[in-house]
Amino acid sequence: NKAWLAVRGYLNNARTVLSMNARNLHYIYPNNRREDYLLADNKLRTKEKLVPLGVRTPKTLHVFDGFFQLRNLERILEMQRDFVIKPASGSGGGGIVVIVGRNEQGWLDAGGGTHTVHSLRRHIGDILFGVYSFGLADTAVVEERLVQHPLLTELGGVGLADIRVILLRDEPLMGMLRLPTVQSRGRANLHQGAIGLGIDLTNGRTTRALFLDRLISHHPDTGAALGDFQIPFWNDIMAMARQAARALPLKYIGADVAVTAHGPTLLEVNVRPGLQIQNANGRGLRGV
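What you see is a predicted model; the values in this text were computed from it and never measured.

Undergrad: Help me get a handle on the overall build of the protein chain, residues and values and all.
TA: Each helix and strand in the protein chain was counted, giving nine helices and 13 strands. For the protein chain, the C-alpha radius of gyration of 19 Å lies close to 19 Å, the compact-globule estimate for 288 residues. Seen through its principal axes, the protein chain has C-alpha atoms that stretch 70 × 45 × 35 Å. Counting over 288 residues, the protein chain shows a buried share of 49%. Pairs at least 24 residues apart make up 61% of the contacts formed inside the protein chain by residues separated by at least 6 positions. Here the protein chain displays about 14100 Å² of accessible surface, and carbon together with sulfur accounts for 53% of that area. The centroid of the 34 positive side-chain charges in the protein chain is displaced by 6 Å from the centroid of its 25 negative side-chain charges.

Undergrad: Tell me about the nonpolar core, and please be specific about residues and values.
TA: By size, the foremost hydrophobic cluster in this structure holds 56 residues, and its most contacted members are Ile-163, Leu-177, Tyr-252, Leu-266 and Leu-285. Element by element, the count of residues in this core is highest for helix H8 (residues 234-247), at eight residues. Residues Phe-83, Ile-85, Val-97 and Ile-124 belong to the second largest nonpolar core, which totals 17 residues.

Undergrad: Summarise the side chain of Lys-43; cite the residues concerned and give the values.
TA: Its place among the elements puts Lys-43 in helix H4 (residues 43-50). Among the residues examined, Lys-43 registers a relative accessible area of 8% and is labelled buried. A polar contact of 3.4 Å, which involves the side chain of Lys-43, links it to the backbone oxygen of Gly-90. Reaching out from Lys-43, the side chain makes a polar contact with the side chain of Glu-268 at a distance of 3.3 Å. When neighbours within four sequence positions are excluded, Lys-43 is seen to be in contact with Lys-86, Pro-87, Ala-88, Gly-90 and Glu-268.

Undergrad: How would you summarise the confidence of the model for the protein chain if you had to cite specific residues and measurements?
TA: Chain-level pLDDT for the protein chain is 91 on average; 94% of the residues reach the 70-or-more range. Below pLDDT 50 for its whole length, residues 1-11 participates in zero contacts with residues either more than four positions away or in separate chains.

Undergrad: An account of the pairing of strand E2 (residues 83-87) is needed here, citing residue identities and associated values.
TA: Judged by how many residues are buried, E2 sits mostly within the fold: five of five residues are covered. Along E2, one buried face is formed by Phe-83, Ile-85 and Pro-87 and the opposite face, lined by Val-84 and Lys-86, is buried too. Bridge analysis of E2 against strand E3 (residues 97-103) gives three bridges, and the strand direction is antiparallel. Following the sheet pairing, Phe-83 is matched in E3 by Ile-99. Sheet analysis places E2 next to strand E6 (residues 140-143), joined by four bridges and oriented antiparallel. Along E6, the bridge assignment pairs Pro-87 with Ala-140.

Undergrad: Can you explain the sheet that holds strand E9 (residues 195-200)? Please cite residues and give values.
TA: Strand-to-strand pairing in sheets goes through backbone hydrogen bonds, with the strands running parallel or antiparallel. Spatially, E11-E10-E9-E8-E7-E12-E13 is the arrangement adopted by the seven strands of the open sheet, whose pairing is antiparallel. Single-partner strands in this sheet number two, and they are strand E11 (214-216) and strand E13 (263-270). Ignoring strand direction, the axes of neighbouring strands in this sheet form an average angle of 30°. Here strand E12 (residues 252-260) runs beside E13; their pairing, made up of seven bridges, is antiparallel. What sits directly across from Gly-254, in E13, is Asn-270. Packed on one face of the sheet, H8 meets strand E7 (162-168), strand E8 (171-179), E9, E12 and E13 and runs near 45° to E7.

Each value, and the rule that gives it
The residue count restarts for each chain, going from 1 along the sequence in the order it is written. Where totals are concerned, whole chains, interfaces and linings use all residues; where local detail is concerned, this predicted model gives features only for residues with pLDDT of at least 70, and gives and counts side-chain atom pairs only at 80 or more. Calculation of side-chain values draws on the structure's entire complement of heavy atoms; hydrogens and water are dropped beforehand. Starting at the N terminus, helices and strands are each numbered in turn, a helix being any DSSP run of H or I of at least four residues and a strand any DSSP run of E of at least two. Every radius of gyration here is taken over C-alpha atoms, with the globule rule written as 2.2 Å times N^0.38, N being the number of residues. For every residue, the accessible area obtained with a 1.4 Å probe (protein chains only) is divided by the maximum for its type, and the residue is called buried under 20%, exposed over 50%, and partly exposed between those limits. Note on definitions: a residue-residue contact is assigned when non-hydrogen atoms from the two residues lie within 4.5 Å. To measure how exposed things are, a 1.4 Å probe is used in the Shrake-Rupley method; for residues, cover is taken only from the protein chains shown. In summary, the charge assignment counts Lys and Arg as positive and Asp and Glu as negative, without counting His or the chain termini. In this description, the location of a charge corresponds to atom NZ of lysine, CZ of arginine, CG of aspartate or CD of glutamate. Buried residues of nine kinds, namely Ala, Val, Leu, Ile, Met, Phe, Trp, Tyr and Cys, make up a nonpolar core once their side-chain atoms join them within 4.5 Å. Each polar contact in these results corresponds to two N or O atoms within 3.5 Å; when the atoms are within protein, one needs to be able to donate a hydrogen and the other to accept it, and residues that are neighboring in sequence are counted only if both atoms are side-chain atoms. Each residue carries a pLDDT score, the predictor's confidence in it, ranging from 0 to 100. Two strands form a pair only when DSSP identifies at least two bridges running between them. Only C-alpha atoms enter the line fits that serve as axes; for helices the fit covers just the stretch in contact. Angles between N-to-C directions range over 0 to 180 degrees.

Here is the structure:
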């Protein structure tokens, strides 16, 4: 009967779900040597490897790797109206400050807050102390702020959306569009309240949307329909993800890509990509 067929379909699908232990044992450890992790864990190392090969990444404006450099912060930033500050080895979006403009009081972030040179100096100091990188000393990177493709802004409103592509031995396994929300404070992080949209890898169209562990059909802020959305520059995104994967010795990775009006830009590579992408797509990674 129909009920039994539904249960059987659910059980068959559940068998394909990849757990964290299985991911580590069967995907990460056999395909990624520990000595190569730094190529993904450190955004500057990733750029050093990929930019000479023509992979577009956000332009680096300045690098702070010592506290003594902070005395020149005001001079360094005085000509910048918008930029992004991030830890070189941070994870999960922690420590990222997106500056979108400036007024008499200071710099304005994507969440509507105001930052003075003193608060930015304190934040960069926290990055250097390792507050966002498991207590290990880190480097602070100031990058250009990417302005995303207008179709993605129309769909998702605030913040910068990105596309996560998981690749095994240079071939894409699964993709997800991560859309920021007001609740996520403009960050494309599902645990903070962003939306995860499954993607049909064959054509770059979204399939279903997950928000706070429940399925939705429309964006809670913009009201835009989320299903069957055509991601711009899809073929270029796939080509960029494959190129990055081929250039790195790591053979199980997540590649995060933003899309501007001029095409895709690689944000970072993750050697331990999360598993929520399975929920967004409604199927498991095992055996894909």
